There are 2 protein chains.
Amino acid sequence: MSIVSDKKTTLIRRLRDSTAQWAKGDGPLNHIVVCTRIRLARNLSGIPFPFKANDEQLRQVLIRSEGLIKNNKHFSSFQSIKLSDLNSRDIQFLIEKRLISIALARLTHPYRAFIYRPDELVSVLVNEEDHIRIQCLLSGLQLKKAWKIIRGYDRKIVREIEYAFDEKEGFLTSCPTNVGTGLRASVMLHLPALLISNKLGEIMSGIVKKGYAVRGFYGEGTNIQGNFFQVSNQITLGLTEEEILDKFEIETKKLIIEEEKSREELILYHKTKIEDQIKRAYGILSNAKIISTKEATELLSKVRFGIELGMLTKIGYDTINRLMLIIQPGYLQLLKNQKMNKDKRDLFRAELIQELLPS
Amino acid sequence: MSIVSDKKTTLIRRLRDSTAQWAKGDGPLNHIVVCTRIRLARNLSGIPFPFKANDEQLRQVLIRSEGLIKNNKHFSSFQSIKLSDLNSRDIQFLIEKRLISIALARLTHPYRAFIYRPDELVSVLVNEEDHIRIQCLLSGLQLKKAWKIIRGYDRKIVREIEYAFDEKEGFLTSCPTNVGTGLRASVMLHLPALLISNKLGEIMSGIVKKGYAVRGFYGEGTNIQGNFFQVSNQITLGLTEEEILDKFEIETKKLIIEEEKSREELILYHKTKIEDQIKRAYGILSNAKIISTKEATELLSKVRFGIELGMLTKIGYDTINRLMLIIQPGYLQLLKNQKMNKDKRDLFRAELIQELLPS
């Protein structure tokens, strides 16, 4: 084993075993908000955007990005992993753990990397759609805190790297929708009561009309499953970061109130039925010998609902979050350290769930 | 409360709390045969069959049947309950506990009764289709033993009561199909593997062609549920009791072998899938807050299959048998001592199941 692959293996293993800050699940309003994510899109001055850059230019971006770790004490604890050093299973795992984007994984050039704080609070994607994308993930609803953290890192980077910036336009980005602040904020919401009450469709189209996007657990292009909805801002132009986040926080809180109201109604009129579904979900998860990702996700969503409603007390959000991640195909195979077909994964998934669920 | 209804209440309560001999589930071949039942149809000489008898004649039959308890030491431990002393819930409960027949419950005349040994091994129905029907129920496959017991009681009765008997025809009965020996033997079989393997239809039509009847858990006119099949002889004429029972035992053992073969195949090719279904059933039963009779029966059948296959070891046949009985609507209401609508029953049923299932 070469030194590179040895180091890479160690890093991936650490990520496999560690729990990201956000996944601890102890943030504000965690009874509805799983996590808050902010990312900033930034590009290096004088170098074409990645889709127009040649290999040498992409390499320059990578070198200068990785240089942050050596040159800036605020980044000295960060680690860097080049995607070209990874096999497809590792990459799948990093997507599943929300460390890299599907978009970064889909590109094929050899200058892609991600640089991350070991607690996974902050990471930097290199040479995705923009030269660098900085992201911060926190548990619960913490838009302001996430902004404070990411702005801090942004300001540290700008001391080392000159950004493509226009006095009038703001930060220049590969896709025009990001020009200006380059900021995208998103919150992952768990909205089972709105779904059960058939109110979700209307509420979500209202949100979309106001300029927000609604997506599934793994962001852009992923299906909605387990009642998890990722809501994010779309407009970045013409508003300051604080204004974007203030508006977004207001809209998020409206959704939270709607979900809370629906939960109260459900408890008032259908408490036993809801409790029945939650307890059955727990019963199946703790006993099945074979289980698919889809079924497990739906059942974990119900168990999470049980925690949110105070009906299940032996299990916490941290366990649900960890389970939601490790039951994914890539994560599973990494944990078992071998390639597994669907049948084997369905078996191992059931085993893992039973290991983690308190009996 | 009158003395009669006081005594009746005490008897019903004892039956509610006691476990019938057969329900202990420790008989031979109990991995497939739930229980063996033999009944003899007998009529009193000189009195028309019940459907032709007048009230005074029916009353005479009742008095002479109940007289057995006083006059014959072998019956001195027996109890007698008149159906006219019972409300419809109690009657429903007695059907569910397999102590009386649906046919007896459906009649309306006031001279119906059942006389039983407190361990529920032997009971006598009075003024159903025939004047008296003696039945013996044992756990597992015990045709010969059941025959020995019931023949013993039959011989004791005949010392007190003269039967309608013809030298050529044998015992005379209300329905011509019972003339001769008046014997019906039945076995309750649990055949999940044959059902899963899609072999049940063919095997059952073979059995029917040989002159046997196949019915559901509660006998004539009841649906098949939970993979329980009651197989019984139809022909009683022209053969001795021993011949009938020998043939029936051979056929039953053939069914047992077929089921065993199917189980072996299932374990060989689909072990994990079967185990998954069994464990899930257990998980749902031990966690649901609401459950219908139908669903509970199906899940209990799977749990029973788990015991039969050695996959579930913490629970025994006695618990399954008791659960199969007490989850029925009448039994439930008797246990709660109140009338309950379906919603309340579904709640209480789930509660009871969780009380009895080992966690």
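These lines cover the structure that appears in this document, whether it is placed above or below. Every value quoted in this text rests on a predicted model; they were computed, and no experiment measured them.

Here is what the cut-offs are and how they apply
Residues numbered from 1 in each chain as written. Chains lettered and ligands numbered in written order. Predicted model: local features only at pLDDT ≥ 70, side-chain atom pairs only at ≥ 80, totals over all residues. Heavy atoms only, no water. Helix = DSSP H or I, 4+ residues; strand = E, 2+ residues; numbered from the N terminus. Rg over C-alpha atoms; globule rule 2.2 N^0.38 Å. Buried < 20%, exposed > 50% of the residue type's maximum accessible area, 1.4 Å probe, protein only. Axes fitted to C-alpha atoms, helices over the stretch in contact; angles between N-to-C directions. Parallel < 35°, antiparallel > 145°, perpendicular 65-115°, else oblique. Left-handed = near helix turned anticlockwise from the far one by under 90°. Contact = heavy atoms within 4.5 Å. Nonpolar A, V, L, I, M, F, W, Y, C, P; charged D, E, K, R; others polar. Pairing = 2+ DSSP bridges. Buried area = accessible area lost by both parts, 1.4 Å probe. Salt bridge = Lys/Arg side-chain N within 4 Å of Asp/Glu carboxyl O. Polar contact = N/O pair within 3.5 Å; in protein donor to acceptor, adjacent residues only side chain to side chain. Phe/Tyr/Trp six-rings, centres within 6.5 Å; stacked < 30°, edge-to-face > 60°. Least-squares fit on C-alpha atoms with pLDDT ≥ 70 in both. Arc of directions from axis to C-beta.

### Brief notes about the overall build of chain A
Stage number 1. Scanning chain A from N- to C-terminus turns up 12 helices and 10 strands.
Stage number 2. Here chain A has a C-alpha radius of gyration of 21 Å; the compact-globule value for 359 residues is 21 Å, and the two agree.
Stage number 3. Seen along its three principal axes, the alpha-carbon backbone of chain A occupies a region of about 65 × 50 × 30 Å.
Stage number 4. Counting all 359 residues of chain A, 57% fall into the buried class.

### Topic: the packing of helix H5 (residues 143–160) of chain B against helix H8 (residues 241–285) of chain B
All names here are of chain B.
Stage number 1. Contact pair H5 / H8: the axes reach a minimum separation of 10 Å and the direction vectors enclose 155 degrees. With respect to their mutual orientation, H5 and H8 come out roughly antiparallel. When the axes of H5 and H8 are compared, the crossing they make is right-handed. For the pair formed by H5 and H8, the contact residues are Leu143, Lys144, Trp147 and Arg151 on the first element and Glu241, Glu242, Leu245, Asp246, Phe248 and Glu249 on the second.
Stage number 2. Here the contact of H5 with H8 is built from residues that sort into 4 nonpolar, no polar and 6 charged.

### Let's talk about the sheet that holds strand S8 (residues 183–190) of chain B
Two modes of strand pairing occur in sheets, parallel and antiparallel, and in both the strands are linked by backbone hydrogen bonds.
All names here are of chain B.
Stage number 1. Strand order in the open sheet made by the 8 strands is S2-S3-S4-S5-S1-S8-S10-S9, with antiparallel pairing throughout. A strand with exactly one partner marks an edge of an open sheet, and here the two such strands are strand S2 (79–82) and strand S9 (212–215). For this sheet, the mean angle separating the axes of adjacent strands, direction not counted, is 20 degrees.
Stage number 2. Contacts from helix H7 (residues 200–209) reach S9 and strand S10 (228–233), with the element oriented near 140 degrees to S9.

### Looking at the interface of chain B and chain A
Stage number 1. In this complex, chain B contributes 15 residues to the contact, which on the side of chain A involves 15 residues.
Stage number 2. Roughly 1400 Å² is buried in total at the junction of chain B and chain A, and carbon and sulfur atoms are behind 62% of that figure.
Stage number 3. In this structure, the connection of chain B to chain A is made through 4 salt bridges.
Stage number 4. The closest approach of N and O atoms between Glu275(A) and Lys289(B), which form a salt bridge, is 4.0 Å.
Stage number 5. On the surface where chain B and chain A come into contact, there are 8 residue pairs in polar contact (both at pLDDT 80 or more).
Stage number 6. Top element by residues in the side of chain B that touches chain A is H8(B). It accounts for 8 residues.
Stage number 7. Counted by class, the side of chain B that touches chain A contains 5 nonpolar, 3 polar and 7 charged residues.

### Side note on the packing of aromatic side chains
Stage number 1. Summed over the entire model, instances satisfying the criterion amount to 16 aromatic pairs over all chains.
Stage number 2. Taken together, a centroid distance of 5.4 Å and an interplanar angle of 70 degrees make the contact between Phe75(A) and Tyr153(A) edge-to-face. One end of the pair, Phe75(A), is in the loop between helix H2 (55–71) and strand S2 (79–82); the other, Tyr153(A), is in helix H5 (residues 143–160), and 78 residues separate them in sequence.
Stage number 3. The class for Tyr153(A) is buried, based on a relative accessible area of 9%.
Stage number 4. Judged by centre distance (5.0 Å) and plane angle (20 degrees), the rings of Phe114(B) and Tyr116(B) are stacked.
Stage number 5. Residue Phe114(B) is classed as buried on the basis of its relative accessible area, which comes to 0%.

### Re the pairing of strand S10 (residues 228–233) of chain A
All names here are of chain A.
Stage number 1. S10 sits mainly inside the fold: 6 of its 6 residues count as buried.
Stage number 2. Burial of S10 is two-sided: the residues Phe228, Gln230 and Ser232 facing one way and the residues Phe229, Val231 and Asn233 facing the other way are all buried.
Stage number 3. Sheet topology places strand S8 (residues 183–190) next to S10; 5 bridges connect them, and they run antiparallel. Note on S10: the bridge partner recorded for Ser186 is Ser232.
Stage number 4. Here strand S9 (residues 212–215) pairs with S10 via 4 bridges, running antiparallel. Each bridged residue has a counterpart across the sheet, and for Val214 the counterpart in S10 is Val231.

### Here we look at the relation of the copies chain B and chain A
The second copy of the chain is related to the first by a rotation about an axis and a shift along the axis.
Stage number 1. When chain B is fitted to chain A, the best match, at an RMSD of 0.0 Å, comes from turning it 180 degrees and sliding it 0.0 Å along the axis. The superposition of one copy onto the other is thereby described by a two-fold rotation axis. Using C-alpha coordinates, one finds that chain B approaches the rotation axis most closely at Gly283(B), a distance of 2.1 Å.
Stage number 2. The overlap is high: 100% of the interface residues of chain B also sit at the interface in chain A, so the same surface is used on both sides.

### Section: the pattern of salt bridges
Stage number 1. Per the stated rule, a full pass over the model turns up 56 salt bridges over all chains.
Stage number 2. Here Asp130(B) ties to Arg133(B) by a salt bridge, and the two come within 3.0 Å at their closest N and O atoms.
Stage number 3. Judged by its relative accessible area of 10%, Arg133(B) is buried.
Stage number 4. Bridged by salt links that share partners, the residues Glu128(A), Glu129(A), Asp130(A) and Arg133(A) form one connected network.

### Considerations on the side chain of Glu308(B)
Residue and element names in this part refer to chain B.
Stage number 1. Within the fold, Glu308 resides in helix H9 (residues 293–308).
Stage number 2. Note on Glu308: relative accessible area 11%, which makes it buried.
Stage number 3. There is a polar contact of 2.8 Å between the side chain of Glu308 and the side chain of His190.
Stage number 4. Beyond its immediate sequence surroundings of up to four residues, Glu308 is in contact with His31, His190, Pro192, Arg263 and Tyr317.

### A word on the sheet that holds strand S3 (residues 113–116) of chain A
Residues and elements named next belong to chain A.
Stage number 1. Read across the sheet, 8 strands follow the order S2-S3-S4-S5-S1-S8-S10-S9 without closing on themselves; strand pairing throughout is antiparallel. Both outer strands of the open sheet, S2 and S9, are each paired with one neighbouring strand and no more. The sheet shows a mean angle of 20 degrees between the axes of neighbouring strands, taken without regard to direction.
Stage number 2. Each of S9 and S10 touches helix H7 (residues 200–209); the most contacted strand, S9, lies at about 140 degrees to it.

### Here's the deal with the side chain of Gln142(A)
Stage number 1. On the secondary structure map, Gln142(A) appears in the loop between strand S5 (132–139) and H5.
Stage number 2. Using a relative accessible area of 17% as the deciding quantity, one classes Gln142(A) as buried.

### Regarding unusual backbone geometry
Stage number 1. Although it is not a glycine, Arg98(A) sits at a positive phi angle of roughly 65 degrees.
Stage number 2. Structurally, the position occupied by Arg98(A) is in the loop between helix H3 (88–96) and helix H4 (102–106).
Stage number 3. Looking at Arg98(A), the relative accessible area reads 10%, which means it is buried.
Stage number 4. Non-glycine residue Leu29(B) carries a positive phi angle of around 60 degrees.
Stage number 5. In this structure Leu29(B) comes out as partly exposed when scored by relative accessible area, which is 31%.

### Looking at H7(B)
Residues and elements named next belong to chain B.
Stage number 1. Among the residues making up H7, those that are buried are Leu200, Ile203, Met204 and Ile207. Each buried residue of H7 lies within a common arc of 95 degrees when the element is viewed along its axis, so the set occupies one face. Along H7, the residues that are exposed and aim more than 90 degrees away from the buried face are Gly201, Glu202 and Lys209.
Stage number 2. Check the buried side of H7 and you find it contacts helix H6 (192–196), S9, S10 and H8.
Stage number 3. In the stretch just after H7, Gly211 is the one whose phi turns positive, near 95 degrees.

So, to be careful, I would describe these as geometric facts and stop short of saying anything about function.
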